[in-house]
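Chain by chain, the residues:
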Amino acid sequence: MYFKQKFNVIFRNYESFGYITDNRNFGYKQTNNNENYIGDKILSESGAVFLSVLNRTPQTLDELAKKIKKQFTDVDIRTIKNDAREFYCLLERDGFIVSGETLQECNEKDTRFSYKIVEPEIIKKEFTSTIMHPEKDTQVFLEEYFKGKPQLTNLHIEITSKCNERCLHCYIPHENKVNYIEPDLFYDVLEQSKNMRLLHLTLSGGEPMLHKNFCDFLRRCKEYDFSVNVLSNLTLLNDEIIKEMKMNPLLGVQVSLYSMDSHIHDEITQMKGSFEKTKNAILKLVENDIPLQISCPIMKQNKNCSDDVIKWAQKHKIHVGDDYVIIARYNHTTQNLSCRLSINEIKEMINGKVVNDAKYLEQLEMAAEKKKNITSNDFVCSVCHSSICIAENGNVYPCAGWQDYVVGNVKETSLNDIWDNSEKVQYLRGLRNHDFLKCIQCSDKEYCTMCMVRNANESPHGDLLVVNEFFCNIAKLNRQIIHEWKERSINS
């Protein structure tokens, strides 16, 4: 019997326990796969040892038992084999590993992401294993184990600030797009991240493919077994990059496509020919079964044709994220906001969604219902709780777009020290919903998501506590539309 870890699973060994999860953050999905996730699980200390000998290459039970035996020298090899078989079967039922009578069967059962699969495999959880702490939610266990200390699981690295496009709505002033990260600094950050048991890594810019070491960076990320998300306009995609991307089963790509009209797309990027390059690169990724997600920010320039992007993407089984959240530049200049839709234009967009998607209002209401459970003592958002960003010059800041709020620099201080001890990080972690009194008292709060970078960037002095009225009005609009929808339902 052969066993192997599934291609989309990540494991971290904490010595006294293990943590195993699927690549849910950046494992981009097809439009028809019903958002099927495996989940995550805490493993006991012995379970962590049993899983640590597995990898993405099939191994026989005898080979695995010999490796486990090195950790349990006083246990009979037969006992180890029996326990390992039972343990692996439990994990296979939960969807984390696969087995096979032959090496070929084992590999074939590990179905890789593919756009060619019409109906992706659905994992049926007919069994529930009780590997460890079945009475506790995973996040509750982690919080208790680390005594409330936040764990860094997501890191965003801007490997260059240079970009070959000049997007009208970009929150980074183009005159500031001038540098590349030093390779030694990047590799040092990766080493530190591995020691901190990081799971997910985002590589962006600027345009990350402008960095001459881009492929080397991807290779090193694969060696560290990080889930990798690449944010790129794809205009520089080539065969070498595609080959490297295909080598990493934990890699996904996010690209912006603004319109299927080349003139409108190129008007937004201010780069002639960018539409054809981006569109062809997207099709090239689909052809090579590289997981992809399209982002389509809606603004004045493309408000009448953004649906065409969604329809085109659906034809190719690509998921699309579209919204009208354009934030001010991080230096508090607001010229880019001339692209942002007015409230009346947003109302028109929402009404259009209601007409074209019967479930849109239901989903909006469900999201609002979940937010009713949020209390005044809850955290405002995840920045500095599970994620943080690093710029190409080593500056560390809370999240993408908030570059002027520097909490440290990895050239001067270790990432771990910044994460644990930065005064600015501690301040952000200390903020709660009750610090935004206007929001707590607002009747529209269930239809809004507080975002400190939106506040800070649009404030002339970078004040994150000054609530952004524009997004308050969007929340009010959402509540009004839901209310009218319910009234119609009652009267019909």
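See the structure above.
Given the structure is predicted, the values throughout are model-derived calculations rather than measurements.

Scoring rules and cut-offs
- Residues numbered from 1 in each chain as written.
- Predicted model: local features only at pLDDT ≥ 70, side-chain atom pairs only at ≥ 80, totals over all residues.
- Heavy atoms only, no water.
- Pairing = 2+ DSSP bridges.
- Helix = DSSP H or I, 4+ residues; strand = E, 2+ residues; numbered from the N terminus.
- Contact = heavy atoms within 4.5 Å.
- Axes fitted to C-alpha atoms, helices over the stretch in contact; angles between N-to-C directions.
- Polar contact = N/O pair within 3.5 Å; in protein donor to acceptor, adjacent residues only side chain to side chain.
- Buried < 20%, exposed > 50% of the residue type's maximum accessible area, 1.4 Å probe, protein only.

Side note on the sheet that holds strand 15 (residues 408-409)
On the basis of which strands lie adjacent, the open sheet formed by nine strands has the order 12-11-10-9-8-7-13-14-15 and mixed pairing. Because the sheet does not close on itself, it has two edges, and the strands there are strand 12 (319-323) and strand 15. Note that strand 10 (residues 251-256) and strand 11 (residues 292-297) share four bridges and pair parallel. Bridge pairing in strand 11 places Q254 opposite Q293. Across the sheet, helix 11 (residues 306-315) lies against strand 11 and strand 12, angled at about 170° from strand 11, the strand it touches most.

Looking at the environment of N409
As for its placement among the helices and strands, N409 is situated in strand 15. For the pair N409 and E487, spaced 78 residues apart in sequence, the C-alpha separation works out to 54 Å. Beyond its immediate stretch of four places on either side in the chain, N409 contacts N393, G394, N395, V396 and I418. Within polar-contact distance, the side chain of N409 engages the side chain of N395 at 2.9 Å.

Considering the environment of R340
Its location among the elements puts R340 in the loop between strand 12 and helix 12 (343-356). Judged by its relative accessible area of 9%, R340 is buried. R340 has contacts with K300, Y324, I326, E345, E458, F470 and F471, leaving out every residue within four places of it along the chain. A polar atom in the side chain of R340 sits 3.0 Å from the backbone oxygen of I326. Reaching out from R340, the side chain makes a polar contact with the side chain of E458 at a distance of 2.9 Å.

By themselves, these are just geometric observations and shouldn't be taken as functional.
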